[in-house]
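Topology and contacts: notes
Chain by chain, the residues run as shown.
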Amino acid sequence: MKQLIDKLHAQKHLSKEEYVSLFSSYTPADASYAATLAQEIKNSVYGKNVFIRGLIEISSYCKNNCYYCGICRSNKNAQRYRLSKEEILDCCRSGYKAGFRTFVMQGGEDPWYTDAIMADIISSIRAEFPDCAITLSLGEKGHDSYERFFRAGANRYLLRHETADEAHYRILHPEPLTLENRIKCLWDLKQIGYQVGCGFMIGSPGQTPQTLAEDFLFLEKFQPHMVGMGPFLPHKDTIFRDHPGGSVDLTLFLLSLCRILLPKVLLPATTALSTASADGKLLGVLHGANVVMPNLSPWDKREKYMLYDNKFPSGKDPVAAVHELSEKMATIDHTVVIGRGDHKDI
Ligand code: SF4
């Protein structure tokens, strides 16, 4: 399989059949080869740097019912909360003191946050923290909403596509959600000028080497600035509660391939990876990742934002969390950077 990895490196493209063959038949030696190559690429583009993003989980309400999600609308056991503008600004303030220069506002699709409310929150953060990047991860919206948020000061948007295969999308999402609209949202975001992240879970129910090949073909076509990939982890209140979690090894291999395909991509070692493996952050970075997203949400709200079971807890105090992360990354000769950590093409 090394020749396919080399071909991906050289041509930034494989056929669907080649991807399927790579995902189905790779060996530990192939994975190690890909990890070394991914590290070399990452180091040559971004150095041995790890960018931190402060994650603020603003709402555990969601109008959708994705079959895999612990905070989906129909889960009566989910605990719900919303953060006010002042609470969000407080999270940013404590994060800024700890060295964060990117704030990621993530939440379910919660209509309580109208476009006007959201634009006001974004412009307030922009006014108080002009040197910081503002990232949104608030799901599917219309073009006008995305544009309004951009004008208010948002710079980046994360919207995992979850799968680029129509039939697989239907296994994971009920109507009225459609893959077509998801993809349209991603193109809208790019057209408006956001740095855009897509992504998918590894090992989600119904995923096959063929659907993964579609995902990689989509990455080739879309050329995202960021890609979020973590192992699928089941939640006890969903229909997938007994489905096995995604493979850490496969996740790491795909992180490496993603770095090889998209050398400048901003690639997180996700919380899901840390949940599946205690050394997830370090392993992720050693396989091509260069972003970590510690949690800045209020401590008493964190256990209410449970997309999957046993979510890895970030430290309570942001300063201590960054310090601990810096020490960890130093053990693999990497440095946690204080800075926005924009994509190289921006
Ligand atoms: S995955 Fe996102 S959109 Fe789907 S139910 Fe969960 S929070 Fe809502």
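Our structure's up above, just so we're on the same page.
Remember, it's a predicted structure, so these values are computed and weren't measured experimentally.

**Thoughts on helix α9 (residues 209-222)**
The terminal C-alpha atoms of α9 lie 20 Å apart, and with 14 residues this matches the ideal 20 Å at 1.5 Å per residue to within 8%. Among the residues of α9, Thr 211, Leu 212, Ala 213, Asp 215, Phe 216, Phe 218, Leu 219, Glu 220 and Phe 222 are the ones counted as buried. Packing partners of the buried residues in α9 comprise α2 (16-25), α7 (166-172), α8 (179-192), β6 (195-202), β7 (226-231) and α10 (248-261). Of the residues trailing α9, Gln 223 is marked for its positive phi of about 50°.

**A short note on empty space enclosed by the protein**
Evaluated as defined, the whole model comprises one cavity of 30 Å³ or more. Within this model, the largest cavity holds a volume of roughly 50 Å³. Residue composition of the lining of the largest cavity, grouped by class: four nonpolar, three polar and two charged.

**What to know about the sheet that holds strand β8 (residues 291-292)**
The strands making up a sheet are joined through hydrogen bonds of the backbone, oriented either antiparallel or parallel. Strand order in the open sheet formed by three strands is β8-β1-β9, with parallel pairing between adjacent strands. Each of the sheet's edge strands pairs with one partner strand only, and the pair in question is β8 and β9 (335-337). The sheet contact formed by strand β1 (residues 49-52) and β8 spans two bridges and is parallel. In the sheet register, Phe 51 faces β8, and the bridge partner there is Val 291. The strands that helix α13 (residues 318-330) touches are β1, β8 and β9; relative to β9, the one it contacts most, it runs at about 140°.

**Description of the site of the ligand**
Taken together, Cys 62, Asn 64, Cys 66, Tyr 68, Cys 69, Ile 71, Cys 72 and Gly 108 form the complete shell of residues around the ligand. For the shell around the ligand, the per-class residue count stands at six nonpolar, two polar and no charged.

**Quick look at the pairing of strand β2 (residues 54-59)**
Of all six residues making up β2, six are buried, and the element is well covered by its neighbours. Inspection of the sheet shows β2 paired to strand β3 (residues 102-107) by five bridges, in the parallel sense. Across the sheet, Ser 59 pairs through a bridge with Gly 107, a residue of β3. Crossover β2 to β3 through helix α4 (residues 85-98) is right-handed.

**Looking at the pairing of strand β4 (residues 133-137)**
β4 sits mainly inside the fold: five of its five residues count as buried. Going residue by residue along β4, you find Ala 133, Thr 135 and Ser 137 tucked away on one face and Ile 134 and Leu 136 tucked away on the opposite face as well. Relative to β4, β3 runs parallel, the two sharing five bridges. When the sheet's bridge partners are listed, Thr 102 is paired in β4 with Ala 133.

**Details of the sheet that holds β3**
If you walk across this open sheet you meet the six strands as β2-β3-β4-β5-β6-β7, and the pairing is parallel. Each edge of the open sheet is held by one strand with a lone partner, namely β2 and β7. Averaged over neighbouring strand pairs, the angle between their axes works out to 20° when direction is ignored. Set on the sheet, α8 makes contact with β5 (156-158) and β6; between it and β6 the angle comes to about 155°.

**Focus on the packing of aromatic side chains**
Applying the stated rule across the entire model yields 14 aromatic pairs. With a centroid separation of 4.9 Å and 70° between ring planes, the pair formed by Tyr 146 and Tyr 157 is classed as edge-to-face. Pair noted here: Tyr 146 is in helix α6 (residues 143-152) and Tyr 157 is in strand β5, with a separation of eleven residues, a long-range link. The pair formed by Tyr 146 and Tyr 157 is uniform in burial state, with each residue classed as buried. Grouping aromatic residues by their ring pairs yields a cluster made of Tyr 19, Phe 23, Phe 200 and Phe 216. Above the ring of Tyr 33, the side-chain terminus of Lys 2 is found at 5.5 Å from the ring centroid.

**A word on the nonpolar core**
Looking at soluble globular proteins, one finds that nonpolar side chains tend to be buried together. Residues Met 105, Ile 125, Leu 136, Tyr 194 and Leu 257 are the most contacted members of the largest nonpolar core, which totals 105 residues. The element that contributes the greatest number of residues to this core is α10, accounting for ten residues. With sequence-adjacent residues up to four places away left out, Ile 125 is seen in contact with Ile 88, Leu 89, Cys 92, Phe 103, Met 105 and Ile 134.

**Quick word on the packing of helix α3 (residues 28-46) against α10**
It is at 8 Å that the axes of α3 and α10 come closest, and there the two elements cross at 45°. The orientation of α3 with respect to α10, classified from their angle, is oblique. Crossing angle aside, the handedness with which α3 passes α10 is left-handed. Side by side, α3 and α10 meet where Asp 30, Ala 31, Ala 34, Ala 35, Leu 37, Ala 38, Ile 41, Lys 42 and Tyr 46 of the first sit next to Phe 253, Ser 256, Leu 257, Arg 259 and Ile 260 of the second. Here the contact of α3 with α10 is composed, by residue class, of ten nonpolar, one polar and three charged.

**Comments concerning the environment of Ser 256**
Note that Ser 256 resides in helix α10. Sequence-wise, Ser 256 and Ser 15 are 241 residues apart; in three dimensions their C-alpha atoms are separated by 18 Å. Setting aside residues up to four positions removed in sequence, Ser 256 forms contacts with Ala 34, Ala 35, Ala 38 and His 287.

Reading the values: the criteria
Residues numbered from 1 in each chain as written. Predicted model: local features only at pLDDT ≥ 70, side-chain atom pairs only at ≥ 80, totals over all residues. Heavy atoms only, no water. Helix = DSSP H or I, 4+ residues; strand = E, 2+ residues; numbered from the N terminus. Expected span 1.5 Å × (residues − 1). Buried < 20%, exposed > 50% of the residue type's maximum accessible area, 1.4 Å probe, protein only. Contact = heavy atoms within 4.5 Å. 1 Å grid on protein atoms, 1.4 Å probe; cavity = no way out; pocket = protein on both sides within 12 Å on 5 of 7 lines; lining within 4 Å. Points joined across faces, edges and corners; volume = space filled by probe spheres on them. Nonpolar A, V, L, I, M, F, W, Y, C, P; charged D, E, K, R; others polar. Pairing = 2+ DSSP bridges. Axes fitted to C-alpha atoms, helices over the stretch in contact; angles between N-to-C directions. Near = heavy atom within 4 Å. Right-handed = clockwise from strand over helix to strand, strands pointing away. Phe/Tyr/Trp six-rings, centres within 6.5 Å; stacked < 30°, edge-to-face > 60°. Lys NZ or Arg CZ within 6 Å of the ring centre and 35° of its normal. Core = buried A, V, L, I, M, F, W, Y, C linked by side-chain atoms within 4.5 Å. Parallel < 35°, antiparallel > 145°, perpendicular 65-115°, else oblique. Left-handed = near helix turned anticlockwise from the far one by under 90°.

Just geometry here; none of it tells us what the structure is for.
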